[in-house]
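# Structure assessment
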Amino acid sequence: MREARSKCPINLSLEIFGDRWTLLVLRDVVFGGARHFRELLGGEERISSNVLADRLAVLVEHGLLTRSGDPSHKQKVTYSLTERAIDLVPVLAQLSSWGVRHLPVADAYAARARVLTDGGPPLWEAFMDELRETHLGTRRGPAPGGPTVAARLDAAYAAAGGRRTE
């Protein structure tokens, strides 16, 4: 890791997240369920493969993602969120909410953001627990009944015209 410009918490955070791609890669893992390089490469923003490889390396280096071999294919790698990355869900929810209020956001993304905004911190915690189960194999609490938060987000996205790129 290179030397930080200062020890200010905002500066230190921007040292990791201050480029265009890092939060988009995390968005695709958190909200899109992407776990492999090719899935992340297929996003609508069209990240280049060399930039994606660099961003994934930075996220692994800073402990936001782990990288492991995929048992289904020798040359495939699976990326998983760490607790440190899962802790960003409230930040991503707030950033989405701000974008919906102030920017010309596409309906499908706005629908997903509204689910997060309307559900607030209790929904974010439930979603974080789902992500823990998927990526870490643990939960902090029992799984609630009914549709998962991920299913609710996907349904809102699809109902507003969003399409999966998988």
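So, a few notes on the structure that sits alongside this text. The residue count restarts for each chain, going from 1 along the sequence in the order it is written. Under the rules for a predicted model, residues below a pLDDT of 70 receive no local features and side-chain atom pairs below 80 are neither given nor counted, while totals for whole chains, interfaces and linings still include all residues. Note: side-chain values were computed over all heavy atoms of the structure, leaving out hydrogens and water.

## Digging into the packing of aromatic side chains
Here is the rule: rings of Phe, Tyr and Trp (six-membered ring for Trp) pair when centre to centre is within 6.5 Å. Planes less than 30 degrees apart are stacked, more than 60 are edge-to-face, and the remainder are tilted. For the structure shown, the criterion picks out two aromatic pairs. For the ring pair Phe31 and Phe127, a centre distance of 5.7 Å and an interplane angle of 15° mean the geometry is stacked. Here Phe31, found in the loop between α2 (22–30) and α3 (37–41), pairs with Phe127, found in helix α7 (residues 107–136); they are 96 residues apart in sequence, far enough to count as distant. Like Phe127, Phe31 is buried. Only when the NZ of Lys or the CZ of Arg is both within 6 Å of the ring centre and within 35 degrees of the ring normal is a charge said to sit over the ring. The lysine or arginine in question, Arg20, covers the ring of Trp21, its NZ or CZ lying 4.7 Å from the ring centre. The ring of Tyr157 has Arg112 sitting right over it, with the charged end atom 4.8 Å from the ring centre. Going along the chain from the N terminus, every DSSP run of H or I of four or more residues is numbered as a helix, and every run of E of two or more is numbered as a strand. In this scheme, a residue with accessible area under 20% of its type's maximum is buried, one over 50% is exposed, and one in between is partly exposed, where area comes from a 1.4 Å probe on protein chains only.

## Structural notes on helix α8 (residues 149–159)
Looking only at α8, the buried set comprises Val149, Leu153, Ala156 and Tyr157. End-on view of α8: buried residues confined to an arc of 100°, all on one side of the axis. Any two residues having at least one pair of non-hydrogen atoms within 4.5 Å are treated as being in contact. As for α8, its buried residues are in contact with α7. In the segment just after α8, Gly161 is the residue with positive phi, at about 100°. What the arc measures is the spread of directions leading from the helix axis to the C-beta atoms.

## So, the side chain of Arg112
Mapped onto the fold, Arg112 is located in helix α7. His residues and chain termini do not enter the charge count, which takes Lys and Arg as positive and Asp and Glu as negative. We define a salt bridge as a contact between a side-chain nitrogen of Lys or Arg and a carboxyl oxygen of Asp or Glu at a distance within 4 Å. This buried residue, Arg112, is left without a salt bridge; Asp154 holds the nearest opposite charge, at 5.2 Å. The residues contacting Arg112, other than those within four sequence positions of it, are Phe31, Leu153, Ala156 and Tyr157.

## Points about the packing of α7 against α8
Note on definitions: angles span 0 to 180 degrees between N-to-C directions of axes, and those axes are lines fitted to C-alpha atoms, for helices only across the stretch in contact. At a closest axis distance of 9 Å, the pairing of α7 and α8 adopts a crossing angle of 180°. The pairing of α7 with α8 is recorded here as roughly antiparallel in orientation. Taken together, the residues of α8 that come into contact with α7 (itself represented by Ala108, Tyr109, Ala111, Arg112, Val115, Leu116, Leu123, Ala126, Phe127 and Glu130) are Val149, Ala150, Arg152, Leu153, Ala156 and Tyr157. Convention used here: angles under 35 degrees read as roughly parallel, angles over 145 as roughly antiparallel, angles from 65 to 115 as roughly perpendicular, and any remaining angle as oblique.

## A closer look at the side chain of Arg55
Its place among the elements puts Arg55 in helix α4 (residues 49–61). Polar contacts, as used here, are pairs of N or O atoms within 3.5 Å; protein pairs need one atom able to donate a hydrogen and one able to accept it. Residues neighboring in sequence count only if both atoms are side-chain atoms. A polar side-chain atom of Arg55 sits 2.7 Å from a polar atom in the side chain of Asp54. Other than its neighbours up to four places away in sequence, Arg55 contacts Ile16, Asp19, Trp21, Thr22 and Val25.

## Concerning helix α6 (residues 89–102)
To estimate how far a helix should extend, the number of its residues minus one is multiplied by 1.5 Å. For α6, which comprises 14 residues, the first-to-last C-alpha distance of 20 Å matches the rise-based estimate of 20 Å (1.5 Å per residue) to within 8%. Restricting attention to buried positions, one finds in α6 the residues Val89, Leu92, Ala93, Ser97 and Gly99. Seen end-on, α6 carries its buried residues on one side only, within an arc spanning 160°. Tucked inside the fold, the buried residues of α6 contact α2, α5 (83–86) and α7.

## Quick notes on the layout of surface pockets
Of the grid points, spaced at 1 Å and generated over the protein atoms alone, those admitting a 1.4 Å probe that cannot get out make up cavities, while open sets with protein on both sides within 12 Å along at least five of seven lines make up pockets; any residue with an atom within 4 Å of a point is treated as lining. Grid points are joined across faces, edges and corners, and a volume is the space filled by probe spheres set on the points. Its boundaries defined by the atoms lining it, the largest pocket holds a volume of some 660 Å³. Leu24, Arg27, Leu95, Ser96 and Gly99 are the residues nearest the centre of the largest pocket, which is lined by 21 residues in total. Going through the elements one at a time, α2, α6 and α7 are the ones with two or more residues in the lining of the largest pocket. A per-element tally of the lining of the largest pocket places α6 first, with six residues.

## Quick look at the pairing of strand β2 (residues 77–81)
By the criterion of burial, β2 is predominantly enclosed, with five of the five residues buried. The two faces of β2 match: Val77, Tyr79 and Leu81 on one face and Thr78 and Ser80 on the other face are all buried. Pairing between two strands requires that DSSP report at least two bridges joining them. Of the strand pairs in this sheet, strand β1 (residues 65–69) and β2 are connected by five bridges, and their pairing is antiparallel. Looking at β2, one finds that Gly69 is bridged to Val77.

These results come straight from atomic positions and should not be treated as a statement about function.
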